[in-house]
Amino acid sequence: MRRLALCLSLTLMTATAATAQTTPAAPQTSAPFLPGDARPDAPELAARGTFAVGVRTVTLVNPSQPDLARAPQSGPVPRADRRLTVEVWYPTATGAKEAVTYTDTLTSGKAFTFDGRAARDAKPLSGQAFPLVIVSHGYTGSRYLLTHLTENLASKGYVVAAIDHTDSTHDNRGPFNSTLVNRAPDINFTLDQLAKLGAPGSGSPLSGVVNASRTALIGYSMGGYGVLNAAGAGYAPKVAALLPGGTLTPRQTGAFTPDPRIRAAVAFAPWGGPSAARGLGVPTGEYGFWDAKGLEGLKVPTLFVVGDHDDVSGFEEGVKPLFEHAVNADRYLLVYQNARHNIAPNPAPSLPGLSFADHEHYADPVWDSARLNNLNQHFVTAFLNLTLKGEAGAAAYLNVPTPVAANATGTNAWKGFAPRTMLGLELYHLRPR
């Protein structure tokens, strides 16, 4: 009887185990994937940081600026107060609900919304001032075009201010001359104003939070054009002379000194190199909007990011010569093989009936946008941690053992990448002369 009871017990145990193994688990619910979220194959530094993120909108007014949107074909350029809307992301206390809805406009003029991971108008984290990052969008674009990066950097201990450049946004497209003239002044003015708002005792919610003495600039396309100039690369005099009323001459080579608070620059597919400038059909410098002397004025560490099939800013006769001839800067060139121009924006919005033109404004025909976002987060984090925060260990993510990553394995593997995830990347480093 005991043997029979034991056999029955073992049989029941086996049946129970088999049932447990074969019963399907309850299906998981798919979580929403928002701009900036890390894919499973994201490199190490793409992950969000330890800070919760707050976000708020500020309005800045720069008095009596050249108003090229209303300038006559000849005669003096009128002046008017220039209004800038700026979105600011910053570290906030943990526990804040990081859920926000952004409203933007497609190039076709249709408004749309998308979600982000930040707490609207949350109180900034007190007791520490964080380095400042200023972001300049393309033409046309908006302050929300790179939220994957702005939120990510704020979570890592940066205050990030993204500008809506008047006359240059999706819903406010003015003449191209206005963009050419106003990019660098908008960036400099925003730096000045964020420094004032972030100063202790300013009365602003950002008081005591912003360390503007350590500022980095990030620009995409026309934003890159403005960032390089604001960081010190003067425009060629023969180009500056083409703009009405001498409005670009204050930004030409030898006419200005870059703000010493600017310590680093990131230029995604910067417009204005030789091939882009030739498209305007006007006299240019040796390197498009720049000449050799102008590029020598760029002295802060700079990260150039570009697709080697960029058909807007150009590569071989576009961004690459800017990288090579900025001889006084410690500089990096990150290349996405087979990518075109749209290497920086958020993924295209998931909207029914989205037109090709609206989709193409965001997307690359070869690379997945979420993948590009993660790669940009990784490399920009390493670059800013090195140049703004002085974290020496960040250099290992940039000074890669082999510049072309196609077969980088073993000792040649790039730091922060899982095996088989580096295909299509190139990263070069040139030191100042």
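Residues numbered from 1 in each chain as written. Predicted model: local features only at pLDDT ≥ 70, side-chain atom pairs only at ≥ 80, totals over all residues. Heavy atoms only, no water.

- By the naming in an unreviewed UniProt entry, the protein chain is PET hydrolase/cutinase-like domain-containing protein, taken from Deinococcus radiotolerans.

Thoughts on the pattern of salt bridges
Then, number 1: Throughout the structure, instances matching the rule amount to 18 salt bridges.
Then, number 2: A salt bridge links Arg143 to Asp164; its shortest N-O distance comes to 2.6 Å. Highlighted residues: Arg143 in the loop between strand S6 (130–136) and helix H2 (147–154) and Asp164 in strand S7 (residues 159–164), separated in sequence by 21 residues.
Then, number 3: On the accessibility criterion, Arg143 (15% relative accessible area) is buried.
Then, number 4: Its salt-bridge partner being Glu296, residue Lys293 comes within 4.0 Å of it at the nearest N-O pair. (Salt bridge = Lys/Arg side-chain N within 4 Å of Asp/Glu carboxyl O. Helix = DSSP H or I, 4+ residues; strand = E, 2+ residues; numbered from the N terminus. Buried < 20%, exposed > 50% of the residue type's maximum accessible area, 1.4 Å probe, protein only.)

What to know about the UniProt feature "domain: PET hydrolase/cutinase-like" (unreviewed entry) in the protein chain
Then, number 1: The positions UniProt marks with the feature "domain: PET hydrolase/cutinase-like" (unreviewed entry) are residues 127–233.
Then, number 2: With 37% helix and 26% strand, the stretch residues 127–233 has end C-alpha atoms that lie 36 Å from each other. (UniProt positions renumbered as here; feature names shortened; annotations may be inferred.)

Quick notes on helix H3 (residues 176–198)
Then, number 1: Over its 23 residues, H3 extends 32 Å from the first C-alpha to the last, a length consistent with the 33 Å expected when each residue adds 1.5 Å.
Then, number 2: The largest bend along H3 measures about 45° and falls at Asn182, with the proline Pro185 one to four residues further on. (Expected span 1.5 Å × (residues − 1). Bend = angle between axes of the 7 residues up to and from the residue.)

Some points on the environment of Asp121
Then, number 1: Looking at where Asp121 falls in the secondary structure, it is placed in the loop between strand S5 (119–120) and S6.
Then, number 2: For Asp121, a relative accessible area of 44% puts it in the partly exposed group.
Then, number 3: Separated by 64 residues in sequence, Asp121 and Thr57 have C-alpha atoms that sit 8.2 Å apart.
Then, number 4: Beyond its immediate chain neighbours, meaning those up to four positions away, Asp121 contacts Val55, Arg56 and Tyr90. (Contact = heavy atoms within 4.5 Å.)

Structural notes on the side chain of Ser369
Then, number 1: Following the sequence through the fold, Ser369 ends up in helix H10 (residues 369–387).
Then, number 2: Among residues more than four places away in sequence, those in contact with Ser369 are Pro347, Tyr362, Ala363 and Asp364.

Description of unusual backbone geometry
Then, number 1: Put simply, Tyr139 and Thr140 share a cis peptide bond, and its omega is -10°.
Then, number 2: Here Thr140 shows up in the loop between S6 and H2.

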